[in-house]
Amino acid sequence: MKILTILGARPQFIKAGSLSREIAKHSEIQEIIIHTGQHYDENMSDIFFDEMKIPKPDYFLGVGGKSHGEMTGQMMAKIEEITINQNPDYILVYGDTNSTLAGALVATKLHIKLAHVEAGLRSFNMKMPEEINRILTDRISNILFCPTKTAVKNLQNEAFPFFAGKFKQEICNVGDIMQDGAIFYSNFAKKPSFKIDESYLLCTIHRAENTDDISRLSGIITALNQLSQNRQIILPIHPRTKKILESSNIKIAPNLLIIPPVGYLEMVWLIANSKLILSDSGGLQKEAYFFHKNCIVLRDETEWVELVKSKFNVIGGTNSQSILNLYENFNFNKDFSVNLYGDGNTAKAIVEKLLAY
Ligand code: UD1
Ligand code: UDP
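Keep in mind the model is a prediction, meaning the values are calculated, not measured.

About the criteria used
- Residues numbered from 1 in each chain as written.
- Chains lettered and ligands numbered in written order.
- Predicted model: local features only at pLDDT ≥ 70, side-chain atom pairs only at ≥ 80, totals over all residues.
- Heavy atoms only, no water.
- Near = heavy atom within 4 Å.
- Polar contact = N/O pair within 3.5 Å; in protein donor to acceptor, adjacent residues only side chain to side chain.
- Areas by Shrake-Rupley, 256 points an atom, 1.4 Å probe, with all protein chains shown as cover.
- Helix = DSSP H or I, 4+ residues; strand = E, 2+ residues; numbered from the N terminus.
- Nonpolar A, V, L, I, M, F, W, Y, C, P; charged D, E, K, R; others polar.
- Buried < 20%, exposed > 50% of the residue type's maximum accessible area, 1.4 Å probe, protein only.
- Pairing = 2+ DSSP bridges.
- Phe/Tyr/Trp six-rings, centres within 6.5 Å; stacked < 30°, edge-to-face > 60°.
- Lys NZ or Arg CZ within 6 Å of the ring centre and 35° of its normal.
- Right-handed = clockwise from strand over helix to strand, strands pointing away.
- Axes fitted to C-alpha atoms, helices over the stretch in contact; angles between N-to-C directions.
- Contact = heavy atoms within 4.5 Å.
- Core = buried A, V, L, I, M, F, W, Y, C linked by side-chain atoms within 4.5 Å.

Q: Looking at this model, I keep getting lost on the site of ligand 2. Mind explaining?
A: The environment of ligand 2 is made up of 17 residues, and the closest members are Arg-207, Val-262, Ser-281, Gly-283 and Glu-287. The side chain of Arg-10 places a nitrogen or oxygen atom 2.9 Å from an oxygen atom of ligand 2. In the complex, the protein chains occlude 95% of the 540 Å² of accessible area that ligand 2 would expose alone. The set of elements that each furnish at least two residues to the shell around ligand 2 consists of helix H1 (10–23), helix H11 (264–272) and helix H12 (282–290). Grouping the constituent residues of the shell around ligand 2 by class yields 9 nonpolar, 5 polar and 3 charged.

Given below as structure tokens:
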């Protein structure tokens, strides 16, 4: 069996690490990897391939740093050519980035079976590019690998699974692929070499809705500046956020430590040893829970609603006062014994399904 895996952005490399390890156990499966180049800096891309021992991509498309239409269109043209040459049994895509949508559209137009890992997630905010990417990808996927019961329900509420002629869909709740990685890579966690206080908060910001709206970005930074008066804050910065902060006149307090993006092994260490996490990242909201940390979500809604419902996480928005109030007063759930994301064997379940489908 031949699987053509489409990767492009940091969280996809992290997810792919677990699945590639599982695929490598099966001599009957050949995985061909396309890296679209959506993320291209060394510490947004290569470092993950090295650390997670993902096989070197068979194709690198070099399509990064462009507008949505240009990026998606150029990716499609190149993925199409490779797909015709390789004629895979499956195209496999992860998550909700432009690379995901490009791979999905090519698969369906060439009548190649499409498998979507992290299907069924919804923010119900159509202004998010990710929401558009995931809805369209789900609609044309043959196998919808959902991470949670909520994701399955979201699909059922939208009348999934669809059948049309020979096109058929199947929904499988296989648990969350990021949990596999969190369990595996925690054994290799690496303390970063810069000076870290004993008690610190970990923060990331990169969502377009926050970086491209200066009032939202400045609301978050105002809250972080204030919090950093009593506690070190470590903020590994996404290149998108860095560029916008540098061209703004937003002031950064000295104890708000902005560092370049770190590799996953250092990130795992930083998560596991933090006091609390503040983030607009999809992946980090869950990793907080995997490592028994609470998280203030710097957004107005989330796809990971079960974490909010159980009070492990709280929606903080971007208003500085609201973030500070939640930090001081919110009664977080600290009993992490409940299992929300499966048993950490998601990669195995996905491979078994692909072989049986
Ligand atoms: C993308 C995904 C988002 C995901 C995020 C993970 C889409 C629509 N968005 O957002 O869902 O959460 O990746 O991090 O696909 N840049 C660099 N170097 C890099 C990568 C990016 O300088 O290695 C800068 C460039 O200026 C680029 C900008 O960041 O134009 C945005 O990158 P892009 O991939 O378009 O979107 P992300 O914000 O990274
Ligand atoms: N991450 C990392 N280094 C960093 C920042 C984040 O390894 O400097 C990891 C993080 O732990 C998570 C993933 O990158 O596993 C999330 O990526 P991101 O926040 O860019 O995307 P999202 O999950 O929001 O799509």
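Q: In this structure, what is going on with the pairing of strand E4 (residues 90–94)? I would like to understand it.
A: In the case of a regular strand, side chains alternate between the two sheet surfaces. Here E4 lies mainly inside the structure; 5 of its 5 residues are buried. Side chains Tyr-90, Leu-92 and Tyr-94 of E4 all project onto a buried face; the interleaved residues Ile-91 and Val-93 project onto the opposite face, where all are buried too. Pairing between strand E1 (residues 2–7) and E4: 4 bridges, direction parallel. Note on E4: the bridge partner recorded for Thr-5 is Leu-92.

Q: Can you help me understand the packing of aromatic side chains in this one?
A: Any two aromatic rings considered together are summarised by their centre-to-centre distance and by the angle between their planes. One pass over the full model with this rule turns up 14 aromatic pairs. When the centroid spacing of 4.9 Å and the interplanar angle of 70 degrees are considered together, the rings of Phe-160 and Phe-162 count as edge-to-face. When the centroid spacing of 4.9 Å and the interplanar angle of 75 degrees are considered together, the rings of Phe-330 and Phe-332 count as edge-to-face. Each member of the aromatic cluster is reached from another via a ring pair, and the members are Tyr-289, Phe-290, Trp-304, Phe-312, Phe-336 and Tyr-341. Over the ring of Phe-184 we find Arg-21; its NZ or CZ atom is 3.6 Å from the centre of that ring.

Q: Help me understand the pairing of strand E6 (residues 143–146) in this model?
A: Burial of the side chains of E6 extends over both faces: Ile-143 and Phe-145 are buried on one face and Leu-144 and Cys-146 on the other. Once the chain exits strand E5 (residues 113–117) it traverses helix H5 (residues 129–140) before rejoining the sheet at E6, and the crossover so formed is right-handed. Relative to strand E9 (residues 170–173), E6 runs parallel, the two being bridged by 4 bridges. Note on E9: the bridge partner recorded for Phe-145 is Cys-172.

Q: Looking at this structure, how should I read unusual backbone geometry?
A: Negative phi characterises most residues that are not glycine, and trans characterises most peptide bonds. Here the bond from Phe-160 into Pro-161 is cis, since omega is -5 degrees, no more than 30 degrees from zero. Locating Pro-161 in the fold gives a position in the loop between helix H6 (149–157) and strand E7 (163–164). Of note in the backbone geometry, His-111 takes a positive phi value of approximately 60 degrees without being a glycine. With respect to the secondary-structure elements, His-111 resides in the loop between helix H4 (98–109) and E5. At Ala-159, a residue that is not glycine, the phi angle is positive and equals roughly 75 degrees. Mapping Ala-159 onto the fold places it in the loop between H6 and E7.

Q: Where do I start with the sheet that holds strand E12 (residues 256–259) in this structure?
A: Through backbone hydrogen bonds, the strands of a sheet pair up, either in parallel or in antiparallel fashion. Spatial strand order, E12-E11-E10-E13-E14-E15: 6 strands in an open sheet with parallel pairing. With partners counted over all chains shown, the strands left at the sheet margins are E12 and strand E15 (313–315), one partner each. Across the sheet, the mean angle separating the axes of adjacent strands is 20 degrees when strand polarity is ignored. The sheet contact formed by strand E10 (residues 200–204) and strand E11 (residues 232–236) spans 3 bridges and is parallel. Following the sheet pairing, Leu-201 is matched in E11 by Ile-233. In the packing of H11 onto the sheet, the strands contacted are E10, E11 and strand E13 (276–279), and the crossing angle to E10 comes to about 130 degrees.

Q: Explanation requested: the site of ligand 1 in the structure shown.
A: The full set close to ligand 1 counts 21 residues, and Gln-38, His-39, Glu-130, Arg-240 and Lys-243 are the nearest of them. Contacts to ligand 1 include Asn-98, whose backbone N or O atom sits 2.9 Å from an oxygen atom. At a separation of 2.7 Å, an oxygen atom of ligand 1 approaches a polar side-chain atom of Glu-130. Out of a free accessible area of 750 Å², ligand 1 has 90% covered by protein chains. Elements represented by at least two residues in the shell around ligand 1 include exactly helix H3 (68–86), H5 and helix H10 (239–246). Looking at the shell around ligand 1, the element that brings in the most residues is H10, giving 3 residues.

Q: Would you mind going over the nonpolar core with me for this structure?
A: Soluble globular proteins: nonpolar side chains tend toward being buried together. Of all hydrophobic cores here, the largest spans 65 residues; its most connected members are Leu-19, Leu-92, Phe-145, Tyr-264, Leu-270, Ile-350 and Leu-354. When residues of this core are assigned to their parent elements, the largest contribution, 7 residues, is made by H11. Contact partners of Leu-19, with chain neighbours within four places excluded, come to Leu-92, Tyr-94, Ile-177, Ala-347, Ile-350 and Val-351. One finds Ile-220, Leu-227, Leu-326 and Phe-332 within the second-largest nonpolar core, a separate group that totals 25 residues.

Purely geometric numbers; function is a separate question.
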